[in-house]
Amino acid sequence: MKLAHHDETGDGPVVVYMAPKMDAMLNRIQHYTGLRVPLQQDHYPMLVLAAGCMELLGGVLFTLNLKLGALLLMLFLVPTSLVMHNFWELERGSPAHQIEFVNFMKNLCLFGAFLMFLNMPRQVASLKYKAH
């Protein structure tokens with residue numbers, strides 16, 4: 001589970017890994033837009049919890065063939081991809097750059113697959129596969 005091993009301060013392994021990446025993204029937003037996002041590191045554990053819940057609920061709903069599941073997973077993928085797989089911040093050609101680039105592209109492909117899923121017509125399985 002993603003939130004395993006959290007202590008009372010909220011400095012679990014995912015938060016420790018995410019914090020510098022989140023800080024870099026917030027700085028980039030401020031640099032390009034001039035807007036400062038008022039988000040302290042104290043709130044990062046809640047972001048991890050919210051992302052985990054969104055991913056879990058979206059996965060369950062998507063498995064049940066519901067469009068809401070695809071929407072939740074798409075909403076999960078956008079900020080997660082931009083914060084966690086920021087290959088543009090790493091040295092080009094390094095192993096870390098390649099890993100983050102591949103993971104970013106994987107998430108982009110998943111986003112496209114969810115868009116396709118949203119545009120597919122819904123059919124009831126029992127009507128499509130009648131027993132003869």
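Up top you'll find the structure we're talking about.
The sections below set out a description of the structure shown in this document. Values in this document were obtained by computation on a predicted structure and should not be read as measured data.

Observations regarding the packing of aromatic side chains
- Applying the stated criterion across every chain yields a total of 6 aromatic pairs.
- Judged by centre distance (5.0 Å) and plane angle (85 degrees), the rings of F87 and F101 are edge-to-face. Linking F87 in the loop between helix 3 (67–84) and helix 4 (95–119) with F101 in helix 4, this pair joins segments that are 14 residues apart in sequence.
- Aromatic pair W88 and F104: ring centres 5.8 Å apart, planes at 90 degrees, arrangement edge-to-face. Taken together, the residues span a long stretch of sequence, with W88 in the loop between helix 3 and helix 4 and F104 in helix 4 at a distance of 16 residues.

A look at unusual backbone geometry
- Phi is positive for N65, close to 65 degrees, though the residue is something other than glycine.
- Inspection of the secondary structure assignment puts N65 in the loop between helix 2 (44–63) and helix 3.

Quick notes on the pattern of salt bridges
- For the structure on display, the rule yields 2 salt bridges.
- Between E89 and R28 there is a salt bridge, with the nearest N and O atoms lying 2.6 Å from each other. Here R28 lies in helix 1 (residues 13–33) and E89 lies in the loop between helix 3 and helix 4, a separation of 61 residues in the sequence.
- For E89, a relative accessible area of 39% gives the class partly exposed.
- A residue is classified by how much of its surface remains accessible, and R28, at 27% relative accessible area, is partly exposed.

Some thoughts on the packing of helix 1 against helix 3
- Between helix 1 and helix 3, the least distance of the axes is 8 Å, while the angle of their chain directions is 95 degrees. Between helix 1 and helix 3, the angle falls in the class roughly perpendicular. The residues of helix 3 that touch helix 1, namely those facing Y17, M18, K21, M22 and M25, are L82, V83 and M84.
- Of the residues assigned to the contact of helix 1 with helix 3, the class counts are 7 nonpolar, no polar and 1 charged.

Points about helix 1
- Between the first and last C-alpha of helix 1 there are 30 Å, a value that for 21 residues agrees with the 30 Å anticipated at 1.5 Å per step.
- At A19, helix 1 shows its largest bend, some 35 degrees, and a proline, P20, comes one to four positions later.
- On its buried side, helix 1 packs onto helix 2, helix 3 and helix 4.
- Residue G34 follows helix 1 closely and has a positive phi angle near 80 degrees.

Structural notes on the nonpolar core
- If you look at the biggest cluster of nonpolar residues, it comprises 10 residues: V15, M18, A19, M22, M25, L26, Y44, V48, V83 and M84.
- Of all the secondary-structure elements, those providing two or more residues to this core are helix 1, helix 2 and helix 3.
- Among the elements that line this core, the one with the most residues is helix 1, at 6 residues.
- When neighbours within four sequence positions are excluded, M18 is seen to be in contact with Y44, V48, V83 and M84.
- Grouped together as the second largest cluster of nonpolar side chains are 8 residues, A70, F76, L77 and F117 included.

Reading the values: rules and limits
Residues numbered from 1 in each chain as written. Predicted model: local features only at pLDDT ≥ 70, side-chain atom pairs only at ≥ 80, totals over all residues. Heavy atoms only, no water. Phe/Tyr/Trp six-rings, centres within 6.5 Å; stacked < 30°, edge-to-face > 60°. Helix = DSSP H or I, 4+ residues; strand = E, 2+ residues; numbered from the N terminus. Salt bridge = Lys/Arg side-chain N within 4 Å of Asp/Glu carboxyl O. Buried < 20%, exposed > 50% of the residue type's maximum accessible area, 1.4 Å probe, protein only. Axes fitted to C-alpha atoms, helices over the stretch in contact; angles between N-to-C directions. Parallel < 35°, antiparallel > 145°, perpendicular 65-115°, else oblique. Contact = heavy atoms within 4.5 Å. Nonpolar A, V, L, I, M, F, W, Y, C, P; charged D, E, K, R; others polar. Expected span 1.5 Å × (residues − 1). Bend = angle between axes of the 7 residues up to and from the residue. Core = buried A, V, L, I, M, F, W, Y, C linked by side-chain atoms within 4.5 Å.

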